[in-house]
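Observations on the three-dimensional arrangement
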Amino acid sequence: MRVSADRDVCIGSGNCVLTAPAVFDQDDEEGLVVVLTSDVEGPVADVVRAAVARCPSGALRLIEGQEPPAGP
Ligand code: SF4
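Quick look at the overall build of the chain
Per the secondary structure count, the chain includes two helices and four strands. In sequence order, the chain lays out its α and β elements as β-α-β-β-α-β. Against the 2.2 N^0.38 benchmark of 11 Å for 72 residues, the chain shows a C-alpha radius of gyration of 11 Å, consistent with a compact globule. Along the first, second and third principal axes, the C-alpha set of the chain runs to 30 × 30 × 20 Å. Looking at the chain as a whole, 32% of its 72 residues qualify as buried. Across the chain, every contact between residues at least 6 apart in sequence was considered, and the portion connecting residues at least 24 apart equals 59%. Carbon and sulfur atoms form 52% of the exposed surface of the chain, whose accessible area is close to 4,500 Å². Counting 5 positive and 12 negative side-chain charges, the chain places the averaged centre of each group 6 Å from the other.

Structure follows, in structure tokens:
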């Protein structure tokens, strides 16, 4: 599973960082989400699902499966 974040939508609440600090961080300038590792599996994937559910802005997106990322 992959997780991606839309920083244009993120409001910097930090919920994802509190829920899954191994996967998410916030930048020092604006406090917006930074995805530390986008490929998540097993127990980490379950924590990431919880983080996505707790994001108040809908900035986080899950991509199930092993599809490669789009784009160059
Ligand atoms: S929980 Fe959502 S709004 Fe809050 S920092 Fe994470 S991505 Fe941004």
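More follows now that the structure is in view.
Here's the deal with a negative patch on the surface
Side chains of D25, D28, E29 and E30 sit close together on the surface and give a patch of like negative charge. Relative to the elements of secondary structure, E30 occurs in the loop between β2 (24-26) and β3 (33-35). Taking relative accessible area as the criterion, E30 reaches 58% and is therefore assigned exposed.

Let's talk about the nonpolar core
In this structure, C16, V23, F24, V48 and L60 are the most contacted members of the largest nonpolar core, which totals 18 residues. Of all elements in the fold, only α1 (15-19) and α2 (42-54) reach the threshold of two or more residues within this core.

Let's talk about the environment of M1
Turning to its location among the elements, M1 is positioned in the segment before β1 (2-5). We classify M1 as buried; its relative accessible area is 4%. The sequence separation of M1 and S38 amounts to 37 residues, and the corresponding C-alpha distance is 8.2 Å.

Observations regarding α2
If you check α2, its first and last C-alpha atoms are 19 Å apart, about what 13 residues at 1.5 Å a residue would give, namely 18 Å. Among the residues making up α2, those that are buried are A45, V48, A51 and V52. Projected onto a plane normal to the axis of α2, the buried residues spread over an arc of 115° and lie on a single side. The outward face of α2, more than 90 degrees from its buried face, is lined by the exposed residues P43 and A53. Buried positions along α2 lie against β1, α1, β2 and β4 (60-63).

So, the side chain of D27
Along the chain, the position of D27 falls in the loop between β2 and β3. Engagement of the side chain of D27 in a polar contact is seen with the side chain of R7, the distance being 2.8 Å. A polar atom in the side chain of D27 sits 2.8 Å from the backbone nitrogen of G31.

Procedures and definitions
- Residues numbered from 1 in each chain as written.
- Predicted model: local features only at pLDDT ≥ 70, side-chain atom pairs only at ≥ 80, totals over all residues.
- Heavy atoms only, no water.
- Helix = DSSP H or I, 4+ residues; strand = E, 2+ residues; numbered from the N terminus.
- Rg over C-alpha atoms; globule rule 2.2 N^0.38 Å.
- Buried < 20%, exposed > 50% of the residue type's maximum accessible area, 1.4 Å probe, protein only.
- Contact = heavy atoms within 4.5 Å.
- Areas by Shrake-Rupley, 256 points an atom, 1.4 Å probe, with all protein chains shown as cover.
- Lys, Arg positive; Asp, Glu negative; His and termini not counted.
- Charge placed at Lys NZ, Arg CZ, Asp CG, Glu CD.
- Patch = residues over 30% accessible without salt bridge, like charges linked within 9 Å, V, L, I, M, F, W, Y side chains within 5 Å.
- Salt bridge = Lys/Arg side-chain N within 4 Å of Asp/Glu carboxyl O.
- Core = buried A, V, L, I, M, F, W, Y, C linked by side-chain atoms within 4.5 Å.
- Expected span 1.5 Å × (residues − 1).
- Arc of directions from axis to C-beta.
- Polar contact = N/O pair within 3.5 Å; in protein donor to acceptor, adjacent residues only side chain to side chain.

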